[in-house]
Amino acid sequence: MAFIVARRGVIAIYQGAAETGPRALGHRSILANPCDAEARENLNARVKYREAIRPLAPMATLEAAREYFELLDGASDDGFNAYNYMC
């Protein structure tokens, strides 16, 4: 799968329980290369048939997220860590 994604391929994965709604909760996912500047446009136009303004939800380990994203302190107040969920 890594070989295909690295060469601008797109992979769809379905595993486990069925889901409905706009957000996959781990049972269905679409994998694409985040280094490809046209990946979002390709997904929106060809795979998802959806509006270009709709965001994608990247998946990353917390360590990688700390390196690449600006994580706000307020998202983990009072024992609730929003970074454990899609937000």
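Use the structure listed above.
Description of the structure in this document. Source: prediction; values computed, not measured.

What follows covers the pattern of salt bridges. All told, the structure shown has three salt bridges when counted by the stated rule. Among the ionic pairs, Arg40 bridges to Glu41, the shortest N-O distance being 3.2 Å. According to the relative accessible area criterion, Arg40 is partly exposed, its value standing at 37%. Residues participating in the shared-partner salt-bridge network are Arg8, Asp36 and Glu38.

Before going further, it helps to spend a moment on empty space enclosed by the protein. Enumeration according to the criterion identifies one cavity of 30 Å³ or more in this entry. Estimates place the volume of the largest cavity at around 30 Å³. Lining the largest cavity we find Arg8, Gly9, Val10, Ala32, Asn33, Asp36, Ala39, Asn42 and Leu43. In terms of residue class, the lining of the largest cavity is made up of four nonpolar, three polar and two charged.

On to unusual backbone geometry. Positioned with a positive phi, Arg8 is a non-glycine residue whose angle comes to about 70°. By secondary structure assignment, the location of Arg8 is in the loop between α1 (2-6) and β1 (11-14). We classify Arg8 as partly exposed; its relative accessible area is 48%.

Before going further, it helps to examine the side chain of Asn33. For Asn33, the position within the fold is in the loop between β2 (28-31) and α2 (39-47). Note on Asn33: relative accessible area 17%, which makes it buried. At 2.8 Å, the side chain of Asn33 forms a polar contact with the backbone nitrogen of Cys35. Apart from residues lying up to four places away in sequence, Asn33 is in contact with Val5, Ala6 and Ala39.

Criteria and thresholds
- Residues numbered from 1 in each chain as written.
- Predicted model: local features only at pLDDT ≥ 70, side-chain atom pairs only at ≥ 80, totals over all residues.
- Heavy atoms only, no water.
- Salt bridge = Lys/Arg side-chain N within 4 Å of Asp/Glu carboxyl O.
- Buried < 20%, exposed > 50% of the residue type's maximum accessible area, 1.4 Å probe, protein only.
- 1 Å grid on protein atoms, 1.4 Å probe; cavity = no way out; pocket = protein on both sides within 12 Å on 5 of 7 lines; lining within 4 Å.
- Points joined across faces, edges and corners; volume = space filled by probe spheres on them.
- Nonpolar A, V, L, I, M, F, W, Y, C, P; charged D, E, K, R; others polar.
- Helix = DSSP H or I, 4+ residues; strand = E, 2+ residues; numbered from the N terminus.
- Polar contact = N/O pair within 3.5 Å; in protein donor to acceptor, adjacent residues only side chain to side chain.
- Contact = heavy atoms within 4.5 Å.

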